[in-house]
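# Close look at the chain arrangement
As a plain string of letters, each chain reads:
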Amino acid sequence: MEEGMTSHSPCPMATPNMKLENLIKAALNTSTLKRTGQSGGGCINQGEAYITDTGTVFVKSNSKPKAKLMFEGESEGLKALAGTGIVTVPQPITVLENPDGGACLVMEFIEMKGLRSLAHKLGDEIAKMHMQNVNLENRSNRISEKPQMEYIPQFGFHATTCCGYIPQENEWNEDWVAFFAQNRLDYQFRLLEREKGDREAIEMWSRLQIIIPKFFKDQRIRPSLLHGDLWGGNAAQTKRHPVIFDPAAFYGHHEYELAISGMFGGFTRSFYDSYHKVIPKTPGFEGRQRLYTLFHYLNHWNHFGDGYKKSTMAVIKSLLK
């Protein structure tokens, strides 16, 4: 979701909320809670760094009624990504409900800057993260070996996660094509129909969904843990390693991860080269990338309005050719 980088780039500080800050102090058991002046955010969330008795934390806040659900999903996504032991993410600490409405997510503060010199390393790490569950399946099929981590055999996630502030339907499904068509695309089209009343898009979707299986001919797709919203604004680096944040995590097709990364820029060729050294492209890759970008265009249309209609319809028409 192209919402703006929620790392620690300078921007105007949010208006202080004493009730929320008192809740944060109590939750962290800290007598000190001092703003550092390092903040970030976009058109969905606001962020603020605070000094506490035990170090610095970063607090993301949102005033929407369902913000708690969104942040709980983000927290579960960060835990899952961290659990791979491959990628670096901010460690979530707690989710708190704001007495004045909305909620916040308190997490580890990481001093970071834009992703540049370590883009190749991030590409390698993302690919290895995608392969981790696949490799667990291979090991679990060998009776003599007991994998240390549990193999996840289906597509979905154990919690609701949000791409932006729109919840994703993450009910488990063993069929990726059905999961993607129903839980991702159809959900977005239903939102369009309900909120925008756009009949043209719905009519084109009725034609597109019939041919979706052709994009996956001869493909054996196994679940990979995905960040789910990996565009350039959700990646950065420290002096030593790349960092990813703001996930919309779930288990899906690894190629899905690369779709939004190419839509809004931010990743160098070295990122993709490193990724494809670990996971080479397979036939039909480009067509599936167009299909996966459709979800993100629809999601932006549902978030930000008709400015995304033209680009969304263009993708649908290209897929129908």
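Each remark here, short or long, concerns the structure printed above.
Fair warning: this is a prediction, and the values are worked out from it, not measured in the lab.

## As for the overall build of the chain
For the chain, the helix and strand inventory stands at nine helices and twelve strands. Against the compact-globule benchmark of 20 Å for 321 residues, the chain has a radius of gyration of 20 Å, which places it among compact chains. Within the span of the chain, comprising 321 residues, buried residues form 54% of the whole. In the chain, of all internal contacts separated by at least 6 residues, the share reaching a separation of at least 24 is 67%. Entry remark: accessible area of the chain is about 14600 Å², with carbon and sulfur atoms responsible for 50%. Across the chain, the mean location of the 37 positive side-chain charges is 4 Å away from that of the 35 negative side-chain charges.

## Describing the environment of Pro-283
Relative to the assigned elements, Pro-283 resides in the loop between helix H7 (269–278) and helix H8 (285–304). With a relative accessible area of 69%, Pro-283 lands in the exposed category. Taking C-alpha positions, Pro-283 is 8.6 Å from Gln-219, a pair spaced 64 residues apart along the chain. Residue contacts for Pro-283: discarding those within four places in its chain leaves Gln-219 and Arg-288.

## Section: the nonpolar core
In terms of nonpolar packing, the biggest core is built from 76 residues, with Ile-126, Trp-176, Leu-185, Ile-244 and Phe-271 touching the most fellow members. Top element by residues in this core is H8. It accounts for eight residues. Excluding its chain neighbours within four sequence positions, the residues that come into contact with Ile-244 are Leu-81, Val-87, Thr-88, Val-89, Pro-90, Leu-122, Ile-126, His-227, Leu-230, Asn-234 and Ala-235.

## Description of the packing of helix H6 (residues 256–263) against H7
In a pair of packed helices, the angle between the axes and the distance between the axes together describe the arrangement. Close contact between H6 and H7 brings their axes to 12 Å; oriented N to C, the two are set at 170 degrees. Considering the angle they form, H6 stands roughly antiparallel to H7. Every residue of H7 that contacts H6 at Leu-258, Ser-261 and Gly-262 is listed here: Phe-271, Tyr-272, Tyr-275 and His-276. Here the residues of the contact of H6 with H7 sort into four nonpolar, three polar and no charged.

## A closer look at the packing of aromatic side chains
The tally for this structure, following the rule as stated, stands at 19 aromatic pairs. Relative to Phe-250, the ring of Trp-176 lies with its centre 6.4 Å away and its plane at 10 degrees, an arrangement referred to as stacked. You can see Trp-176 sitting in helix H4 (residues 176–195) and its partner Phe-250 sitting in strand E12 (residues 250–252), a full 74 residues away along the chain. Across the pair, exposure class does not vary: Trp-176 and Phe-250 are buried alike. For the ring pair Trp-231 and Phe-264, a centre distance of 6.3 Å and an interplane angle of 75 degrees mean the geometry is edge-to-face.

## A closer look at the sheet that holds strand E6 (residues 113–114)
A sheet is described by the order of its strands in space; here three strands give the open sequence E6-E10-E11, paired in antiparallel fashion. The open sheet terminates on both sides in strands that have one partner only, identified here as E6 and strand E11 (242–244). Pairing of strand E10 (residues 235–237) with E11, which is carried by three bridges, proceeds in the antiparallel orientation. By the bridge assignment, Gln-237 is partnered in E11 with Pro-242.

## Brief notes about unusual backbone geometry
Even without a glycine there, the phi angle at Asn-29 is positive, about 55 degrees. Here Asn-29 lies in the loop between helix H1 (18–28) and strand E1 (33–41). Phi at Asp-246 takes a positive value of approximately 55 degrees, unusual for a residue other than glycine. Residue placement: Asp-246 occurs in the loop between E11 and E12.

## Here's the deal with the side chain of Gln-237
Mapped onto the elements, Gln-237 comes out in strand E10. A polar atom in the side chain of Gln-237 sits 3.1 Å from the side chain of Ser-117. At 3.1 Å, the side chain of Gln-237 and the backbone nitrogen of Leu-118 are in polar contact. Here Gln-237 is in contact with Met-112, Lys-113, Gly-114, Leu-115, Arg-116, Ser-117, Leu-118, Pro-242 and Val-243, once residues within four sequence places are set aside.

## Quick notes on the state of the cysteines
By the definition in use, this model includes zero disulfides. Counting only cysteine sulfurs, Cys-162 is the nearest neighbor of Cys-163, a cysteine outside any disulfide, at a range of 8.9 Å. According to the relative accessible area criterion, Cys-163 is buried, its value standing at 0%.

Parameters at a glance
Residues numbered from 1 in each chain as written. Predicted model: local features only at pLDDT ≥ 70, side-chain atom pairs only at ≥ 80, totals over all residues. Heavy atoms only, no water. Helix = DSSP H or I, 4+ residues; strand = E, 2+ residues; numbered from the N terminus. Rg over C-alpha atoms; globule rule 2.2 N^0.38 Å. Buried < 20%, exposed > 50% of the residue type's maximum accessible area, 1.4 Å probe, protein only. Contact = heavy atoms within 4.5 Å. Areas by Shrake-Rupley, 256 points an atom, 1.4 Å probe, with all protein chains shown as cover. Lys, Arg positive; Asp, Glu negative; His and termini not counted. Charge placed at Lys NZ, Arg CZ, Asp CG, Glu CD. Core = buried A, V, L, I, M, F, W, Y, C linked by side-chain atoms within 4.5 Å. Axes fitted to C-alpha atoms, helices over the stretch in contact; angles between N-to-C directions. Parallel < 35°, antiparallel > 145°, perpendicular 65-115°, else oblique. Nonpolar A, V, L, I, M, F, W, Y, C, P; charged D, E, K, R; others polar. Phe/Tyr/Trp six-rings, centres within 6.5 Å; stacked < 30°, edge-to-face > 60°. Pairing = 2+ DSSP bridges. Polar contact = N/O pair within 3.5 Å; in protein donor to acceptor, adjacent residues only side chain to side chain. Disulfide = S-S within 2.5 Å.

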